Amino acid sequence: MTILIMVAQLIMGLSILVLLHEFGHFLAARAFGIKVEKFYLFFDAWGFKLFKFTYKETEYGIGWLPLGGYVKIAGMIDESMDKEKLKEPVQPWEFRAKPAWQRLIVMIAGVTVNLILGVILFTMVIMVYEKEYVPNSAIDKGIYAYELGRKVGFETGDKIISVNGEKVERYKDASSMLLILGANVQVDRNGQVKTITIGDSFYSEFKKSKYKRLFDPYSTDWKIDTVYPGKPADKAGFKTNDRPIAVNDTLLIETQGAFTESLRKNAGKQVKVTVLRNARKFDLMVTPDSAGKIYVAIIDHQFPTKPYSFGQSIKYGWSDAMDMLTLNIKGMGKIFSGEEKATESLSGPIGIAQIYGGVWDWHKFWYITGLLSLILAFMNILPIPALDGGHVLFLIIEAVTGKTFSDKFMERVQMIGMALLIGLMVFAFGVDIFKLFR
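The structure contained in this document is the topic of the report that follows. (Residues numbered from 1 in each chain as written. Predicted model: local features only at pLDDT ≥ 70, side-chain atom pairs only at ≥ 80, totals over all residues. Heavy atoms only, no water.)

Let's shift gears to the environment of Phe43. Relative to the helices and strands, Phe43 resides in strand β1 (residues 36–43). Using a relative accessible area of 23% as the deciding quantity, one classes Phe43 as partly exposed. Between the alpha carbons of Phe43 and Pro66 there is a distance of 6.6 Å; along the sequence they are 23 residues apart. (Helix = DSSP H or I, 4+ residues; strand = E, 2+ residues; numbered from the N terminus. Buried < 20%, exposed > 50% of the residue type's maximum accessible area, 1.4 Å probe, protein only.)

In this section: helix α8 (residues 256–265). All of the buried residues in α8 are Gly257, Ala258, Phe259, Glu261, Ser262 and Leu263. Tucked inside the fold, the buried residues of α8 contact β6 (143–145), α4 (147–152), β13 (243–247), β14 (251–252) and β15 (271–277). (Contact = heavy atoms within 4.5 Å.)

With the rule as written, the count across this model stands at 17 salt bridges. One salt bridge connects Arg103 with Glu398, and the closest N-O pair in it is separated by 2.5 Å. Of this pair, Arg103 sits in helix α3 (residues 100–130) while Glu398 sits in helix α13 (residues 388–401), and the two are 295 residues apart along the sequence. For Glu398, a relative accessible area of 10% corresponds to the buried category. Across the pair Lys172 and Glu130 runs a salt bridge, and its minimum N-O distance is 3.7 Å. In this pair, Lys172 sits in helix α5 (residues 171–174) while Glu130 sits in helix α3, placing the two residues 42 residues apart along the sequence. On the basis of relative accessible area, Lys172 is assigned to the partly exposed category, the value being 39%. Owing to a relative accessible area of 25%, Glu130 belongs among the partly exposed residues under this scheme. One network of salt bridges, with partners in common, ties together Glu130, Arg170, Lys172, Asp173 and Asp320. (Salt bridge = Lys/Arg side-chain N within 4 Å of Asp/Glu carboxyl O.)

Dropping the structure here:
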């Protein structure tokens, strides 16, 4: 059942993205009087179709190969490679008969729709599911800085003021993953403003670190909520509502962060944890595993929240979408620079299905679909032949120089691009399968 849910979410998510992307091309083409011969979800390779019907000279249908979809625009060299049609005289309703600026709009329409869709979905997630946020001002005791955070200059008790010159209103923005790719963070440290500069090179150190966390909100109001059966904490006798107050007698535990870090430092070693239970102290001997975990869930201090206004939902829907797009673009740059391995960072359909997960959670589904829409927009605008970005590149050159590329040249470029995309797809599947076995 879990696998079926994963597959269903993958198909549904990608179907939404592909349909709307191709609908963007369709609308733009029709707006300029260009005939659209086919509109398909999935590919009808070798002419095999699961379903089709014709309406106003356009054939709509569902193909059998679930690797995307397409619109076949008359007079355009695309993945159909219909060379015979291109040998016929140019007709006024064909793509090739239109000026370069109109063809350019047709080609960027799909990417534009995906970009807009991503922002809309991020905004919807905020409005419908998140609804509230923790104001940065509510973190009145500042942060607890972990070892990795201390290395770049954070100290426990620092209060985040701004990131890259922008005042932080939501605490969520203070702890964005974008920090690890380089940022200037202003903090209030005992009444003095300090600037912490996280350099681009920090990413390499972050990647090597076993515990990938810079800081958490400083909170002294916490206790154990759940003890997982059969795990180290359960075997040691921890109970729900226990409040750890010391490790190995000398290390007093005030915050959850300090407790977590003390366990990490003693990974694989037996330690004595003193807990407060019903106003009495108990000493428990526990051995954290190799990751420094004893497997308990913590109830942390519930910081006050504020509801998003309608305007804030739109504002943060946009900023969250742009942050995630930036994070993925920079991540792609790390792959090309060699700082990140493609085999560890890229995912194919299997990997995406695993990200959706085996439980149908609409909050997570729409968030991931919005993220994929942004990634699809970015990937499609890359100047690679056979992608929208490849067509855009040649159209811009044509618009600037006034020279039209020959059909023969465009056919060859299209074939090269398709070969590259097929190779990338095979590689992504291979990465997914490798990860499964690993």
